[in-house]
Amino acid sequence: MAINEDIENHDTREREGAQEPLLMPREKGRASEDEGAGKGRPWMVYFSTFVAVCGSYEFGACAGYSSPTQDAIVEELSLSTAEYSVFGSILTFGAMIGAITGGPIADFIGRKGVMRMASAFCVAGWLAIYFAEGAVALDIGRLATGYGMGVFSYVVPIFIAEITPKNLRGALTAVNQLMICAGVSVSFIIGTVLAWRVLALIGLLPCAVLLFGLFFIPESPRWLAKRGRKKEFEAALQKLRGKDADISEEAVEIQDYIETLQRLPKASMLDLFQRRYLSSVIIGVGLMVVQQFGGINGVCFYTSNIFEEAGFSSSVGTITYAILQVIVTAIGAALVDRAGRKPLLLISGTGLVLGCILTALSFYLKVHDLAADAVPILAVTGILVTISSFSSPSGSNWLPGTTTSTTKFSCSVYSNAQLYIAAFSVGMGAVPWVVMSEIFPINIKGVAGGFATLVNWFGAWAVSYTFNYLMSWSSYGTFLLYAAINAAGMVFVITVVPETKGRSLEQIQAAINRE
């Protein structure tokens, strides 16, 4: 067995060595080609991205639905707290199932096919919620929309990365996160004025746009090449790059790399831990762990309570948070192809670490009744370094009282909570998804991408579930823990994560997975 593996690794190295002259000397020619593509603004790439990110917007609409509708649903359907808690949390379990199954299905029926499937689940889910007269129908609908979310969270960034030229790939893939934020934000805003059943019907609109738009955009050329559909592959690539574009070099590079990968056995979950794939799996999964376990879902889950405790209207505060998240994510998307992936991750990570430390200090001073007047200063410091921090629901034993110092403390938390979202959104929110879409070879992309997405959703659930318990244990200890995780994440980014800006997918994957 070991001998066969050594022979196979040797063959793989020989093929990669033979392939390197094909990839590397073209850099100059490909650079000019990409510049031409950038100047020509291939409209089909932009249109295809727009259609795909309707799925991202649907993701956000599903995620943002429960927060503004909670009181109305509970009152109209007479739900208990436990029943509504199931309705709110079952979305995550549906997303986990979607993450597990979405990758292999996308490899089998194509990227467009799986987006149609995810849209169908979301449509069915929204209709079940709209017609619901009790908890069971609500839960079935929420589970179905969660499944669609999980599939969209994998396939949209993968599809965008596979259709875009390298000079546009980072920015357009980051639009995925931007549209998720937009979907959440719009749900927050219009959910304050619309009935919950009407809001469910509005959730059908992005699915309708997506399903209609899929008739007019090409399938992923790389998926078509993997399936051996050469004519369709060339036609799709030509349509994406423009009718007058010379696609010969790009087509040869893609086909050569696909042919090399197809000589390898079909990947299973266990194959991800083979040495040839281990680097890309560590990078993809590691970034998802850093993104989620840094604590972001704790502060997001309790956003409205944070604003209420700070003395602000929960609806106004939540809308402010939603708009800020969209704006900063848009800035990050614009910078990702200019500044690069690693700089944005490190800037974001620095803000998160400092934000957590300042918040831990704020809580420590508050718990021990020390330097109450220093809390507003910490808020100003947070503004200066454009970071933020977390809080938690009112009524918990770690945020007691309504004294003047508590009000100052709450305003500090309010300011920091807004700025934490800014620090997260500019890098750690979008960039892990960009990198995940770039690093996995196409023969393991379905399995590996699904696994990384599953880890992301599990982390989201774990942090949301444990946040209140941790805060009850120690408010400042919780943020020191998050600071340590974010600091470890920065070390991980510096030492393990490669810079992928300005390189083709084939070049990235060959470099990462070369033995």
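Being a predicted model, the structure only gives us computed values, none of them experimental.

Conventions used here
- Residues numbered from 1 in each chain as written.
- Predicted model: local features only at pLDDT ≥ 70, side-chain atom pairs only at ≥ 80, totals over all residues.
- Heavy atoms only, no water.
- pLDDT = per-residue confidence, 0-100.
- Contact = heavy atoms within 4.5 Å.
- Disulfide = S-S within 2.5 Å.
- Phe/Tyr/Trp six-rings, centres within 6.5 Å; stacked < 30°, edge-to-face > 60°.
- Helix = DSSP H or I, 4+ residues; strand = E, 2+ residues; numbered from the N terminus.
- Buried < 20%, exposed > 50% of the residue type's maximum accessible area, 1.4 Å probe, protein only.
- Lys NZ or Arg CZ within 6 Å of the ring centre and 35° of its normal.
- Salt bridge = Lys/Arg side-chain N within 4 Å of Asp/Glu carboxyl O.
- Core = buried A, V, L, I, M, F, W, Y, C linked by side-chain atoms within 4.5 Å.
- Axes fitted to C-alpha atoms, helices over the stretch in contact; angles between N-to-C directions.
- Parallel < 35°, antiparallel > 145°, perpendicular 65-115°, else oblique.
- Left-handed = near helix turned anticlockwise from the far one by under 90°.
- Nonpolar A, V, L, I, M, F, W, Y, C, P; charged D, E, K, R; others polar.

Description of the confidence of the model for the protein
Consideration 1: In the predicted model, the protein carries a mean pLDDT of 77, and 76% of its residues have values of at least 70.
Consideration 2: Across residues 1-40 the pLDDT falls below 50, and counting only partners more than four positions away or on other chains, this stretch makes 42 contacts in the model.
Consideration 3: Contacts of residues 379-405 to residues separated by more than four positions or lying in other chains number 83 contacts, the stretch itself having pLDDT below 50.

What to know about the state of the cysteines
Consideration 1: One pass over the full model with this rule turns up zero disulfides.
Consideration 2: Free of any disulfide, Cys54 has its nearest neighbouring cysteine sulfur in Cys207, separated by 9.2 Å.

Some points on the packing of aromatic side chains
Consideration 1: Counted by the stated rule, this structure contains 13 aromatic pairs.
Consideration 2: Judged by centre distance (5.2 Å) and plane angle (70°), the rings of Tyr65 and Trp126 are edge-to-face. Of this pair, Tyr65 sits in the loop between α3 (43-63) and α4 (66-77) while Trp126 sits in helix α6 (residues 111-130), and the two are 61 residues apart along the sequence.
Consideration 3: Centre to centre, the rings of Phe458 and Trp461 are 5.8 Å apart; their planes meet at 40°, and the pair counts as tilted. With Phe458 and Trp461 both in helix α22 (residues 445-473), this residue pair falls three residues apart, about one helical turn.
Consideration 4: Assessed through its relative accessible area of 42%, Phe458 is described here as partly exposed.
Consideration 5: A network of ring pairs unites the aromatic residues Tyr65, Tyr84, Phe87 and Trp126 as a single cluster.
Consideration 6: Its guanidinium or amino end placed over the ring of Phe87, Arg142 lies 5.2 Å from that ring's centre, counting from NZ or CZ.
Consideration 7: Seen from the ring of Tyr277, Arg276 lies directly overhead, with NZ or CZ sitting 5.6 Å from the centre.

Brief notes about the environment of Val184
Consideration 1: Along the chain, Val184 turns up in helix α8 (residues 166-191).
Consideration 2: A residue is classified by how much of its surface remains accessible, and Val184, at 12% relative accessible area, is buried.
Consideration 3: Taking the C-alpha atoms as reference points, Val184 and Gly60, 124 residues apart in sequence, are found 4.4 Å from one another.
Consideration 4: With sequence-adjacent residues up to four places away left out, Val184 is seen in contact with Gly60, Ala61, Ala63 and Gly64.

Observations regarding unusual backbone geometry
Consideration 1: The phi dihedral of Ser78 falls on the positive side, at around 55°, and the residue is not glycine.
Consideration 2: For Ser78, the position within the fold is in the loop between α4 and α5 (81-109).

Thoughts on the environment of Val123
Consideration 1: The topology assignment puts Val123 in helix α6.
Consideration 2: Looking at Val123, the relative accessible area reads 25%, which means it is partly exposed.
Consideration 3: Placed 84 residues apart in sequence, Val123 and Cys207 show a C-alpha to C-alpha distance of 7.0 Å.
Consideration 4: The residues touching Val123, leaving out its near neighbours within four places in the chain, are Leu204 and Cys207.

Things to note about the side chain of Ser119
Consideration 1: Along the chain, Ser119 falls in helix α6.
Consideration 2: Contacts of Ser119, omitting those with residues within four sequence positions, involve Phe152, Cys207, Leu210 and Leu211.

A word on the pattern of salt bridges
Think of it this way: side chains of opposite charge can pair up when their charged atoms draw near.
Consideration 1: The full count for this structure, using the stated rule, is 10 salt bridges.
Consideration 2: Here Asp107 and Arg111 are joined by a salt bridge, their closest N and O atoms 2.9 Å apart.
Consideration 3: For Glu162, the salt bridge is made with Lys445, and the minimal N-O distance between the two is 3.2 Å. With a gap of 283 residues between them, Glu162 in helix α7 (residues 135-163) and Lys445 in helix α22 connect regions that are remote in the sequence. Here the two residues Glu162 and Lys445 agree in accessibility, since each one is buried.
Consideration 4: Each of Asp107, Arg111, Glu162, Lys226 and Lys445 takes part in salt bridges that share partners, so that together they form one network.

Side note on the nonpolar core
Consideration 1: Ranked by internal contacts, the top residues of the largest apolar core, which has 90 residues, are Tyr65, Ile73, Leu138 and Val155.
Consideration 2: What Leu138 contacts, discounting residues up to four positions off in sequence, is Ile73, Leu77, Leu79, Phe87, Ile129, Ala132 and Trp196.
Consideration 3: Within the second largest apolar cluster, 14 residues are counted, among which are Phe233, Ile247, Ile258 and Ala510.

Examining the packing of helix α18 (residues 341-367) against helix α21 (residues 431-439)
Consideration 1: Where α18 meets α21, the closest approach of the two axes is 10 Å, and the angle between their N-to-C directions is 150°. With respect to each other, α18 and α21 are oriented roughly antiparallel. Judged by the twist between their axes, the crossing of α18 over α21 is left-handed. Of the residues in α21, those in contact with Arg341, Leu344 and Leu345 of α18 are Val431, Pro432, Val434, Val435 and Glu438.
Consideration 2: A breakdown of the residues in the contact of α18 with α21 according to their chemical character gives six nonpolar, no polar and two charged.

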